[in-house]
Amino acid sequence: MAGKTSAGILLFRRSGEVTEVLLGHMGGPFWAKKDAGGWSVPKGEYEPDEAPEAAARREFQEELGLPAPEGEYLPLGVVKQSGGKVVTVWAVEGDLDPAQVVPGTFEMEWPPRSGRTQEFPEVDRVAWFGLAEAEEKLLRGQRPFLVRLGELLNG
């Protein structure tokens, strides 16, 4: 059985020499009190019959409630996270106001073994970070995307 695959979009903007990226803090009770390592590229899982870039665009819309950005999609490649999930990401230059985000939701049993299902936002907040701060915030397994973006922009 193949492992899970996800695709996402790393939105970035430049102001002079400063590059910022848009990250989402993962929603739900497990991540509520985690900041460092609790942020993610807007992404989501897809099935083998869906093109990864199409999935990245769809997941951006589902997670943030805003259309995927227009512009040139720059491939940042693939990473395999510690849990085995394979993540493919594209960078796109653009801008959006985090206050405009209307996150999608998911359901899970909470508290564990309670038999009760609760709904939580996919992301509970969205923010722009410079690359150095983003490296502290982002899940460890997704940090290579920041390095690749920096190399692409400075290369």
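Quick note: structure is the one above.
Just so we're clear, the structure is a prediction, and the values are computed from it rather than from any experiment. (Residues numbered from 1 in each chain as written. Predicted model: local features only at pLDDT ≥ 70, side-chain atom pairs only at ≥ 80, totals over all residues. Heavy atoms only, no water.)

Caption draft 1: Looking closely at the pairing of strand β5 (residues 74–80). In the sheet, β5 pairs with strand β6 (residues 86–93) via five bridges, with the strands oriented antiparallel. Of the residues in β6, the one forming a bridge with L74 is A91. Joining the antiparallel neighbours β5 and β6 is a turn of five residues, in which G84 adopts a positive phi near 100°. (Pairing = 2+ DSSP bridges. Helix = DSSP H or I, 4+ residues; strand = E, 2+ residues; numbered from the N terminus.)

Caption draft 2: Broad picture of the environment of R14. By the element assignment, R14 lies in strand β1 (residues 5–15). Separated by 116 residues in sequence, R14 and G130 place their C-alpha atoms 9.6 Å apart. Within the structure, R14 has its side chain in polar contact with the side chain of E93 (distance 2.8 Å). (Polar contact = N/O pair within 3.5 Å; in protein donor to acceptor, adjacent residues only side chain to side chain.)

Caption draft 3: Main features of helix α3 (residues 143–154). Compared with the 16 Å implied by 1.5 Å per residue over 12 residues, the 17 Å span of α3 between its first and last C-alpha is a close match. Those residues of α3 lying buried are R143, F145, L146, L149 and G150. Down the axis of α3, the sector holding all buried residues measures 150°, keeping them to one side. Residues of α3 that are buried make contact with β1, β2 (18–26), β5, β6 and α2 (131–137). (Expected span 1.5 Å × (residues − 1). Buried < 20%, exposed > 50% of the residue type's maximum accessible area, 1.4 Å probe, protein only. Arc of directions from axis to C-beta. Contact = heavy atoms within 4.5 Å.)

Caption draft 4: Representation of helix α1 (residues 52–64) within the structure. Taking 1.5 Å of rise per residue, the 13 residues of α1 would be expected to cover 18 Å, and the 18 Å separating its terminal C-alpha atoms lies within 8% of that figure. Inspection of α1 places A55, A56, E59, F60, E63 and L64 among the buried residues, and these make up the whole buried set. One side of α1 holds all its buried residues, which, seen down the axis, span an arc of 140°. Those residues of α1 hidden inside the fold are in contact with β1, β2, β4 (43–45), β6 and β9 (123–130).

Caption draft 5: Expanded view of the environment of P52. Mapped onto the secondary structure, P52 falls in helix α1. The exposure class of P52 is partly exposed, given its relative accessible area of 29%. Taking the C-alpha atoms as reference points, P52 and P98, separated by 46 residues in sequence, lie 25 Å from one another.

Caption draft 6: Expanded view of the side chain of Q142. Examined against the element boundaries, Q142 turns out to sit in the loop between α2 and α3. Taking relative accessible area as the criterion, Q142 reaches 0% and is therefore assigned buried. Polar side-chain contacts of Q142 include one of 3.1 Å to the side chain of Q81. Once you skip the residues sitting within four places of it in the chain, Q142 turns out to touch S40, V41, K43 and Q81.

Caption draft 7: Just the layout of surface pockets, in detail. Quantified by volume, the largest pocket comes out at close to 280 Å³. Around the largest pocket, the lining is made up of 14 residues, and of these M26, K43, E63, K85 and E122 lie nearest the centre. Elements with a minimum of two residues in the lining of the largest pocket: β4 and α1. If one sorts the elements of the lining of the largest pocket by residue count, β4 sits on top with three residues. (1 Å grid on protein atoms, 1.4 Å probe; cavity = no way out; pocket = protein on both sides within 12 Å on 5 of 7 lines; lining within 4 Å. Points joined across faces, edges and corners; volume = space filled by probe spheres on them.)

Caption draft 8: Quick look at the side chain of K137. Tracing the backbone shows K137 in helix α2. Not counting chain neighbours up to four residues away, the residues in contact with K137 comprise L23, D35, A36, G37, G38, W39 and F129.

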